[in-house]
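Structure at a glance
Now for the letters of each chain:
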Amino acid sequence: MRTYDVCVIGSGLVGASTANALVREGAGRVLLLDRGNAGGGDSALTFGMVRRHYTNPVLIQLSMAGTEILAHWDEEVGVGSGAYVPTGYLLPVPERLVEACRANVERQQGFGLDTHLLTPDEIADVEPLLSLEGVAAAAYEPAGGVCDSRLMIDSWLLDALGRGLELRQHAPVSAITFDGDRATGVQLADGERIEAGQVVVATGGWSPEVLAGIWEVPFNLVRIQVAVLRLPPGQVAPAAVTSDAVSNVVVRSAAGRDIWVVAYQADTPTISVRDDCQ
């Protein structure tokens, strides 16, 4: 039976970055497992938006720290790239949300974030393509933008593998093993048992299944569809990543003439099993 100091389940953004940090900090033998290809789960489907506009102080500070890593990838990781492009992030809001948006901006400014509340005339200067119908104001972060989750994962893994990380792909975990209330390792779907001093679960939407009978994961799964649209030659693309709270549409530019669009709907049904959403 193989023995490790830490076993990380899931090699997406959280799992890959955690495994990278563990080997960098000398955590001993670290094993990273994935049920499929590395980075091929939820993280492969991310919208790739970089923003710090949150109401929760912890999320504000975490997103600020994460953006600093993206902005200084060469110094922080030293391998590959996060493909971070600071296009700016814009959050237009209707009149009923102006004061709440203003309070969020002031909260974020209190942590040192460069963010501002713009008037409709100022919004037009930042994103001239945006319809201002129903828009009363907007929060704007000049350093918001886009990144590439696949490149980030590949970069973290390449660096970690060079530092001794062991990566096993197509190795689905069927159970986490315990001695009393302490995790002692995992059992794979083929029956192989692996011992570990600590087990990290970073399985995203599959976490309720991985942790079934251990802990009831407090979140609901919702299927969100992303439309990939291709602009005709000569058509100007959106400048800023925009989360429009008036229309509930989110837009970002992508490679070439492509733009990605999400339309949030209030009646989107929840999903009980992650594999039901492909």
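Refer to the structure presented above.
Summary of the structure given here. Just so it is clear, the model here is predicted, and its values are computed rather than measured.

Side note on the nonpolar core
Grouped together as the largest cluster of nonpolar side chains are 20 residues, with contacts concentrated most on Leu70, Leu157 and Leu165. Sort the elements by how many residues they give to this core and helix α6 (residues 149-162) lands first, with 5 residues. Filtering out sequence-adjacent residues up to four positions away, leucine 157 remains in contact with Ala16, Leu32, Ala38, Leu165 and Leu167. Formed by 15 residues, the second largest nonpolar core is a distinct cluster that contains Tyr4, Ile9, Ala196 and Val217.

Observations regarding the environment of proline 128
Positionally, proline 128 belongs in the loop between α5 (120-126) and β6 (137-141). On the accessibility criterion, proline 128 (62% relative accessible area) is exposed. Each C-alpha atom of the pair proline 128 and arginine 51 lies 20 Å from the other, and the pair is 77 residues apart in sequence.

Some thoughts on the side chain of arginine 52
Among the secondary structure elements, arginine 52 is positioned in the loop between β3 (49-50) and α2 (57-71). Of the polar contacts made by the side chain of arginine 52, one reaches the side chain of glutamate 141; its length is 2.8 Å.

So, the sheet that holds strand β14 (residues 241-244)
Strand order across the open sheet formed by 7 strands is β5-β6-β4-β14-β15-β16-β13, with mixed pairing between neighbours. The sheet is open, and its two edges are formed by β5 (116-118) and β13 (226-230), each paired on a single side. Across the sheet, the mean angle separating the axes of adjacent strands is 20° when strand polarity is ignored. In this sheet, strand β15 (residues 249-253) lies alongside β14 in antiparallel orientation, the contact comprising 3 bridges. Counted as the bridge partner of aspartate 244 is valine 249 from β15. Strands β4 (89-93), β5 and β6 of the sheet are contacted by helix α4 (residues 98-110), whose axis makes an angle of about 150° with β5.

Thresholds applied
Numbering of residues starts from 1 in every chain and runs along the sequence as written. The predicted nature of this model means local features are confined to residues of pLDDT at least 70 and side-chain atom pairs, given and counted, to a pLDDT of 80 or more, with totals for whole chains, interfaces and linings taken over all residues. Hydrogens and water are ignored here; the side-chain numbers use all heavy atoms of the structure. Nonpolar core, defined: a set of buried Ala, Val, Leu, Ile, Met, Phe, Trp, Tyr and Cys residues in which side-chain atoms within 4.5 Å join the residues together. The classification of residues rests on relative accessible area computed with a 1.4 Å probe and restricted to protein chains. Under 20% of the type maximum is buried, over 50% is exposed, and intermediate values are partly exposed. Strands are runs of DSSP state E lasting at least two residues, helices are runs of H or I lasting at least four, and both sets are numbered from the N terminus onward. Every residue pair with non-hydrogen atoms within 4.5 Å of one another is taken to be in contact. For this analysis, a polar contact is any N or O atom pair within 3.5 Å, provided that within protein one partner can donate a hydrogen and the other can accept it, and provided that sequence-adjacent residues contribute only side-chain to side-chain pairs. Here a strand pair is declared whenever DSSP counts at least two bridges between the two strands. Helix axes are fitted to C-alpha atoms over the stretch in contact, other axes to C-alpha atoms as well, and angles between N-to-C directions run from 0 to 180 degrees.

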